[in-house]
Amino acid sequence: MIHWRKGIVTAIRSTRPGYTEVDVELDEALPGTDVRSIRAVAYTDAVGQPRVQDTVLVNVSALAKRLGTGGFGLIVALPDALPADPPEGPGHLVKDRYSPLQTMVLGVDDQESQHHSTLAEAENLESMPVVVADLHSALPAVIAGIRTVDPTLSVAYVLSDGAALPAPFSQAVAGLRDADWLTGVISTGQAWGGDLEAVTIHTGLLAAKHVMDADITIVAQGPGNLGTGTKYGYSGLVTGEHLNAAALLGGRPVGLLRMSNADARGRHFGISHHSLTPLSEIARPGMTVPVPDFSTLTEAERAEMDPDPDVVAETVAGQLSQLQMHDLVDVDLTGLWDALRSSPVRLSTMGRKLPADAASFLAAAAAGRCAAGIAHS
């Protein structure tokens, strides 16, 4: 069920291409509260550009449930300021299908696309490294690791549809693009709003290689992953299938280990089960799995980690027995801490920043460094 409210825009908080965040005063408080002032998001390509004093129709379901995932009001319409119809043009891929905000896009693999013939013939990634991550928060850290090997490598991001569907929602992507750390974004499945649109992860990867000319591609869901505390009930489970897709297409799949030295939940401390399950049960044997070598941290870096990295390393060593079917690669962490600090966008995972959850970001940067080494091999 959806919780709806009408409201008035009282302020514009921020804006970037395809995305505007505003303050809204609701005409009726959120269920069970006296809260009427909320933050809300408008995807301007879909609903138009809100302005102060505009009336808005807002989906407040996540706020009503007090959830973190989807924890904004979502502007569904500006009833008195509808956007103009888009110009006539090619494209028949329907995304967010059969929802009230389904949108029509030109897919890179669409018959009307200038790239259709390229993708109709392309069947191989030609050994391009493909880093597959569970969490969106890994994206800047992976690129930081890549850049310690070669900052000129071209990096594409393939957005899966496991979490946030609109690409413009990602503040990290916008910042990485502005800093020239990211070549482009390809939104796949029901996700939309990237530089290119694709029907599947497979055509998204092929487009990264043969249209964007990427040296390395990172596959990850958008912000707002979903988990239920069950073995198979979480949106990141598909990372195993994404690794298989990269292998099927002749790429070099790199399985990023989701790690934490701060998560109080046992199933996520050390290597998260969100990595162990897809790697051990879904991914084909033989994937490259970078393992951060915490012994290579400096004393100053070690002092910033709590608990001591030796504790995390001991936990990880015990967990790696579940992944012996893969190619486990120890990665030297020298210089990665400083590389992470140089990120042009904020590093944050589950609300924790560097160094509060250093293992998470170091593991992601290690995967990037490993992928860059493969690209140069």
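Right above here is the structure, for reference.
Predicted, not measured: the structure shown is a model, and the values here were computed from it.

*Asks:* How should I be thinking about the side chain of R302 in this particular structure?
*Replies:* Residue position: R302 is located in helix α9 (residues 299-303). Among the polar contacts made by the side chain of R302, one reaches the side chain of D308 at a distance of 3.3 Å. Apart from residues no more than four positions distant in its own chain, R302 is found in contact with F294, S295, L297, D308, P309 and D310.

*Asks:* I tried to follow empty space enclosed by the protein on my own but got confused; where do I start?
*Replies:* Any empty space left between atoms is shown by rolling a water-sized probe over those atoms. As enumerated under the stated definition, the model contains four cavities of 30 Å³ or more in all. Looking at the largest cavity, its volume works out to about 80 Å³. For the largest cavity, the full set of lining residues is D134, L135, S137, A138, L256, L257, R258, M259, S360 and A364. Residues belonging to the lining of the largest cavity are distributed by class as follows: six nonpolar, two polar and two charged.

*Asks:* Is there a simple way to think about the sheet that holds strand β1 (residues 4-16) in this case?
*Replies:* The pairing of strands in a sheet happens through backbone hydrogen bonds and is either parallel or antiparallel. If you walk around this closed barrel you meet the five strands as β1-β2-β3-β5-β4, and the pairing is mixed. With strand direction ignored, the average angle separating the axes of adjacent strands in the sheet is 55 degrees. Sheet topology note: the strand β3 (residues 37-42)/strand β5 (residues 73-77) ladder contains two bridges and is parallel. Along β5, the bridge assignment pairs A40 with G73.

*Asks:* Sorry, what's going on with the environment of R16 here?
*Replies:* Tracing the backbone through its elements, the reader meets R16 in strand β1. Here R16 falls in the buried class, since its relative accessible area comes to 17%. Sequence separation between R16 and A174 is 158 residues, and the spatial gap between their C-alpha atoms is 7.8 Å. Discounting chain neighbours no more than four positions away, the residues touching R16 are P168, F169, S170, Q171 and A174. Within the structure, the side chain of R16 is placed 2.8 Å from the backbone oxygen of F169, a separation counted as a polar contact.

*Asks:* Got a minute to help me understand the packing of aromatic side chains in this structure?
*Replies:* Given two aromatic rings, their pairing is described by the distance between the two centres and the angle made by the two planes. Applying the stated criterion across every chain, the model contains four aromatic pairs. Here the aromatic rings of F72 and F169 are separated by 5.7 Å at their centres, their planes lie at 85 degrees, and the arrangement is edge-to-face. With F72 in the loop between α2 (61-64) and β5 and F169 in the loop between β9 (155-159) and α5 (171-178), this pair connects stretches of sequence that are 97 residues apart. Assigned by exposure class, F72 and F169 land together as buried. Aromatic ring contacts, followed pair by pair, group Y19, Y43, F72, F169 and W192 into a single cluster. Positioned over the ring face of Y19 is R16, at 3.9 Å from the centre of the ring.

*Asks:* Help me out: how do you make sense of the pairing of strand β4 (residues 55-59) in this one?
*Replies:* In summary, the side chains of a regular strand alternate between the two faces of the sheet. As defined by bridge partners, β1 adjoins β4 across five bridges and the pair is classed as antiparallel. The residue of β4 that forms the bridge with I8 is T55. Sheet topology note: the β4/β5 ladder contains three bridges and is antiparallel. Bridging from a neighbouring strand, L57 pairs with A77 of β5.

*Asks:* Please explain the packing of helix α4 (residues 138-149) against helix α12 (residues 358-375) as it appears in this structure.
*Replies:* Closest axis-to-axis distance for the α4/α12 pair is 6 Å, and the angle between their directions is 45 degrees. Put simply, α4 runs oblique to α12. Here the hand of the crossing between α4 and α12 comes out right-handed. Packed against α4, whose contacting residues are A138, A141, V142, G145, I146, T148 and V149, the element α12 presents F361, A364, A365, G368, R369, A372 and G373 at the interface. Grouping the constituent residues of the contact of α4 with α12 by class yields nine nonpolar, four polar and one charged.

Reading the values: rules and limits
Residues numbered from 1 in each chain as written. Predicted model: local features only at pLDDT ≥ 70, side-chain atom pairs only at ≥ 80, totals over all residues. Heavy atoms only, no water. Helix = DSSP H or I, 4+ residues; strand = E, 2+ residues; numbered from the N terminus. Polar contact = N/O pair within 3.5 Å; in protein donor to acceptor, adjacent residues only side chain to side chain. Contact = heavy atoms within 4.5 Å. 1 Å grid on protein atoms, 1.4 Å probe; cavity = no way out; pocket = protein on both sides within 12 Å on 5 of 7 lines; lining within 4 Å. Points joined across faces, edges and corners; volume = space filled by probe spheres on them. Nonpolar A, V, L, I, M, F, W, Y, C, P; charged D, E, K, R; others polar. Pairing = 2+ DSSP bridges. Axes fitted to C-alpha atoms, helices over the stretch in contact; angles between N-to-C directions. Buried < 20%, exposed > 50% of the residue type's maximum accessible area, 1.4 Å probe, protein only. Phe/Tyr/Trp six-rings, centres within 6.5 Å; stacked < 30°, edge-to-face > 60°. Lys NZ or Arg CZ within 6 Å of the ring centre and 35° of its normal. Parallel < 35°, antiparallel > 145°, perpendicular 65-115°, else oblique. Left-handed = near helix turned anticlockwise from the far one by under 90°.

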